[in-house]
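Residue-level structural notes
Chain by chain, the residues run as shown.
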Amino acid sequence: MDNTTMERLLVRRSETSTGIGLLNTDLRLKQHYGKGLQIKSDLNQGTAISFVVLKKKEISKKFKPE
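Residues numbered from 1 in each chain as written. Predicted model: local features only at pLDDT ≥ 70, side-chain atom pairs only at ≥ 80, totals over all residues. Heavy atoms only, no water.

The pairing of strand β1 (residues 38-42) with strand β2 (residues 46-50) spans 5 bridges and is antiparallel. The residue bridging Lys40 from the neighbouring strand is Ala48, located in β2. The hairpin formed by β1 and β2 contains 3 residues between the paired strands, and Asn44 there has a positive phi angle of roughly 60°. (Pairing = 2+ DSSP bridges. Helix = DSSP H or I, 4+ residues; strand = E, 2+ residues; numbered from the N terminus.)

So this is what it looks like as C-alpha cells:
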C-alpha cells in the first residue's frame, strides 16, 4: 500500500466510519503496553503489521502504580 493509505489506517476519520479495527487495536496496545502497532508496507509487495508485548517484569518497571 502507498504511504498515504498507510498513514490513514490509524486515524479516526468520522463517527460513522466502520474501519476502526486497527485503530482500536493500536489504542488499546498503547494504553496497556505503552507501544502500538508497527506497520511496514512495500507497494505492490505486501504489508506486515506487528506489535511487541513486554515481559511482565519489564512492564512492572515501566508502569508502576501510583
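Having seen the structure, we can now continue with the description.
A word on helix α2 (residues 21-33). Compared with the 18 Å implied by 1.5 Å per residue over 13 residues, the 18 Å span of α2 between its first and last C-alpha is a close match. Inspection of α2 places Leu23, Asp26 and Leu29 among the buried residues, and these make up the whole buried set. Seen end-on, α2 carries its buried residues on one side only, within an arc spanning 135°. Immediately downstream of α2, the backbone of Gly34 shows phi near 85°, a positive value. (Expected span 1.5 Å × (residues − 1). Buried < 20%, exposed > 50% of the residue type's maximum accessible area, 1.4 Å probe, protein only. Arc of directions from axis to C-beta.)

Considering all chains together, one arrives at 1 salt bridge under this definition. Close ionic contact of Lys30 with Asp26 constitutes a salt bridge, the shortest N to O distance being 3.1 Å. Remark: Asp26 and Lys30 occur in helix α2; sequence separation between them is 4 residues, near one turn of the helix. With relative accessibility at 44%, the residue Lys30 sits in the partly exposed group. (Salt bridge = Lys/Arg side-chain N within 4 Å of Asp/Glu carboxyl O.)

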